[in-house]
Amino acid sequence: MAILRKLNHILLFLLVLTFCAIWYSTIYKTSTVKEQGDVASEVEEEEEDVIPVVICAAAGRMGATIAAINSIYSNTNANVLFYIVGLKNSLAHIRKWIQETQLSEIQFKIVEFNPMVLKGKIRPDAAFPELLQPLNFVRFYLPLLTSEHEKVIYLDDDIIVTGDIQELYNTKIARGHIAAFSDDCDLPSLQEVIRRVGIQNTYMGFLDYRKKAIQKLGISPSTCSFNPGVFVSNMTEWRQQHITKKLEKWMKKNVEENLYSSTIGGGVSTPPMLIVFHEKYSVIPPAWHVRHLGLSPDEQLSQNVVEDAKLLHWNGRFKPWRSPCSLYKVWEKWFIPDPTGKFQIHRI
């Protein structure tokens, strides 16, 4: 009997010991998982703090891309990640330009754009062939280029940012809207330029309202247009509303029916955006897209408007890396010479 009691005590002791071991293991494992979860949360927050900026680097205008990037990087403390998109023949050049100058510390990703995705979607237009360049359509494919981000800024290359890009990134996009653009009726000073130069600022200037497909949209021809050269986009809404497919649909319809062209308005990349984003966009602050600087070689805007601007856009044919051009000295402040010597500023 004594031996049996002793055996029972040993078994009880082993049972208690086993229970304690299981309890300790469970508590330790839970604690470890929680700590790992906390680390993951911190990483996610850090990733969300990144401001993704998509900008193209075309072979003949890489200096514009460099100046734009330099102006953004120099005027913010935000964590900016540049997605620099180009064709295969230009990627090595832009990488070298960045790595061998003061831009070597920026965060960037070089992305190759395959022009084959545009096959059968672009109607030839001899009037303005430069508007048919493949990189003009990069903005249609943002979710494919920046898959891990919730919010993205897209910028044309012919811009200079003098404000903090964080402000533009913080632009509120209303629920259900896909992006925030500059409305072409926003600044009274720009309306004066529009009247003087004779550019288009309504849907009538971009869409051919003689065509039934355009009439069926039910959009008034006097509706104010927007400029797609600068915008902030909600990538979740973009994907959920299948925006890229809708844009491609209207590109194909234009090939078949000639619904718009650069002889009517602003090329073939703006009209499909005007259609697809109609009543689905918010508005960015006017100072964050002061444009039309390239429509004339003469300065069209007052000094006050230029000084208050946080983003200047030389849309139009008169570019600041060529002369004649307005406000070229503002642009040159941010230009970094090409270490390879291939890109040169042309001044008369």
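Everything below is about the structure shown above.
What you are looking at is a predicted structure, and each value in this text was computed from that prediction instead of being measured. (Residues numbered from 1 in each chain as written. Predicted model: local features only at pLDDT ≥ 70, side-chain atom pairs only at ≥ 80, totals over all residues. Heavy atoms only, no water.)

Asker: How do you make sense of helix H3 (residues 91-99) when you look at a structure like this?
Answerer: Since the α-helix advances by 3.6 residues per turn, residues separated by three or four positions end up pointing in the same direction. Of the residues making up H3, those classed as buried are Leu91, His93, Ile94, Trp97 and Ile98. Considered in projection along H3, the buried side chains sweep an arc of 165 degrees and stay on one side of the axis. Contacts from the buried residues of H3 go to helix H2 (62-74), strand E2 (80-86) and strand E3 (107-112). (Buried < 20%, exposed > 50% of the residue type's maximum accessible area, 1.4 Å probe, protein only. Helix = DSSP H or I, 4+ residues; strand = E, 2+ residues; numbered from the N terminus. Arc of directions from axis to C-beta. Contact = heavy atoms within 4.5 Å.)

Asker: Explain the pattern of salt bridges here, please?
Answerer: Opposite charge on two side chains allows them to pair when their charged atoms are near. For the structure shown, the criterion picks out 12 salt bridges. In this structure, Asp158 engages Arg61 in a salt bridge whose closest nitrogen and oxygen atoms are separated by 4.0 Å. Remark: Arg61 occurs in the loop between strand E1 (51-56) and H2 and Asp158 occurs in the loop between strand E4 (151-155) and strand E5 (159-161); sequence separation between them is 97 residues. For Asp158, a relative accessible area of 3% translates into the label buried. Overall, Arg61 belongs to the partly exposed group, its relative accessible area being 26%. Between Asp158 and Lys319 there is a salt bridge; the shortest N-O distance is 2.5 Å. Within this pair, whereas Asp158 is found in the loop between E4 and E5, its partner Lys319 is found in the loop between strand E9 (311-313) and helix H12 (328-332), the two being separated by 161 residues in sequence. Each member of the pair, Asp158 as well as Lys319, carries the same accessibility label: buried. Here the salt bridges share partners, and the residues they tie into one network are Arg61, Asp157, Asp158 and Lys319. (Salt bridge = Lys/Arg side-chain N within 4 Å of Asp/Glu carboxyl O.)

Asker: In this structure, what is going on with the nonpolar core? I would like to understand it.
Answerer: In globular proteins that are soluble, nonpolar side chains generally tend to be buried together. If you look at the biggest cluster of nonpolar residues, it comprises 52 residues, and the most contacted ones within it are Val53, Ile84, Ile153, Leu155, Ile165 and Leu168. When residues in this core are grouped by element, the largest group, seven residues, is from H2. Setting aside residues no more than four positions away along its own chain, Ile84 makes contact with Ile55, Ala57, Thr65, Ile69, Ile94, Ile98, Phe108, Lys109, Ile110 and Val111. Ranked by size, the runner-up nonpolar core spans 46 residues in total, among them Val85, Phe113, Ala213 and Met273. (Core = buried A, V, L, I, M, F, W, Y, C linked by side-chain atoms within 4.5 Å.)

Asker: What is the right way to look at the pairing of strand E7 (residues 226-234) in this model?
Answerer: If a strand is regular, its side chains alternate between the two faces of the sheet. The element E7 is extensively covered by neighbouring structure, given that nine of its nine residues are classed as buried. Pairing of E4 with E7 involves five bridges; the strand directions are antiparallel. Within the sheet, the bridge partner assigned to Leu155 lies in E7 and is Val230. Here strand E6 (residues 179-183) runs beside E7; their pairing, made up of four bridges, is antiparallel. Its bridge partner lying in E7, Ala179 is registered against Ser233. (Pairing = 2+ DSSP bridges.)

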